[in-house]
Amino acid sequence: GQRVDSPAEIEAAAGWLLAQGVPNVVVTCGARGAFWASKTTRKWAPAPVVKVIDTVGARDFFNGAFAFNLAAGRGALGALDASIRIASAKVAQKS
C-alpha cells in the first residue's frame, strides 16, 4: 500500500524490497526512464526523447529486451540501458 511516483519514493520502495531480501529491483517509469537497484548499485536510465505514438506493449518490450540482454551476458546495467532504448523505440511506432 505504498505510493511510488516520485524518484525518491521509487528509490525508497526499492530499498524496502532489497531489505526484504529481493536481490534486484527494476522499475519502469514511462517517459522518465527506468530505475535499477541491487544491494550495491542504484542507477536511473533516462528514456530517450521520442514522439510518442502508441504505448501499448511498451512494458512488454522492455521486459523482453531486459531478459534477452541478461541472457546474452550484458549484465543488469547493460540490459537496463538497452531495454529503455528498445521500449522508447516501440512507443514511437504504431502497434
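Residues numbered from 1 in each chain as written. Predicted model: local features only at pLDDT ≥ 70, side-chain atom pairs only at ≥ 80, totals over all residues. Heavy atoms only, no water.

Chemist: Can you help me understand the overall build of the protein chain in this one?
Modeler: Per the secondary structure count, the protein chain includes three helices and three strands. Shown N-terminal to C-terminal, the secondary structure of the protein chain runs as helices and strands in the order α-β-β-β-α-α. Relative to its length of 95 residues, the protein chain is compact, with a C-alpha radius of gyration of 13 Å against a globular reference of 12 Å. C-alpha extents for the protein chain along the principal axes are approximately 40 × 30 × 20 Å. Counting every position in the protein chain, which comprises 95 residues, the buried fraction comes to 32%. (Helix = DSSP H or I, 4+ residues; strand = E, 2+ residues; numbered from the N terminus. Rg over C-alpha atoms; globule rule 2.2 N^0.38 Å. Buried < 20%, exposed > 50% of the residue type's maximum accessible area, 1.4 Å probe, protein only.)

Chemist: What exactly am I supposed to notice about the side chain of Ser83 here?
Modeler: Within the secondary structure layout, Ser83 lies in helix 3 (residues 75-91). Setting aside chain neighbours within four positions, we find Ser83 in contact with Phe62, Ala65, Phe66 and Asn69. (Contact = heavy atoms within 4.5 Å.)

Chemist: I would appreciate a short explanation of helix 3 in the present structure.
Modeler: Since the α-helix packs 3.6 residues into each turn, any two residues three or four apart lie on the same face. The first and last C-alpha atoms of helix 3 sit 24 Å apart over 17 residues, in line with the 24 Å expected at 1.5 Å per residue. Burial in helix 3 covers these residues: Ala76, Ala79, Leu80, Ala82, Ser83, Ile84, Ala87, Ser88, Lys90 and Val91. Buried residues along helix 3 sit in contact with strand 1 (24-28), strand 2 (34-38), strand 3 (42-45) and helix 2 (58-71). (Expected span 1.5 Å × (residues − 1).)

Chemist: Teacher, can you tell me more about the nonpolar core here?
Modeler: The tendency in soluble globular proteins is for nonpolar side chains to be buried side by side. Core analysis: the largest hydrophobic core is formed by 11 residues, namely Ala34, Trp36, Ala45, Ala47, Phe62, Phe66, Ala76, Ala79, Leu80, Ile84 and Ala87. Top contributing element to this core by residue count: helix 3, with five residues. When residues no more than four places from it in sequence are discounted, the contact partners of Trp36 are Asn24, Val25, Val26, Thr41, Arg42, Lys43, Phe66, Ala76, Leu77 and Leu80. Of all hydrophobic cores here, the second largest spans seven residues; its members include Ile10, Leu18, Phe35 and Ala37. (Core = buried A, V, L, I, M, F, W, Y, C linked by side-chain atoms within 4.5 Å.)

Chemist: What's the story with the pattern of salt bridges in this structure? I'm lost.
Modeler: For side chains of opposite charge, pairing can occur when their charged atoms come near one another. The tally for this structure, following the rule as stated, stands at two salt bridges. Put simply, Lys43 and Asp81 hold a salt bridge, and the shortest N to O gap is 2.8 Å. Linking Lys43 in strand 3 with Asp81 in helix 3, this pair joins segments that are 38 residues apart in sequence. Residue classification places Lys43 among the partly exposed residues on the basis of a relative accessible area of 24%. According to the relative accessible area criterion, Asp81 is partly exposed, its value standing at 26%. (Salt bridge = Lys/Arg side-chain N within 4 Å of Asp/Glu carboxyl O.)

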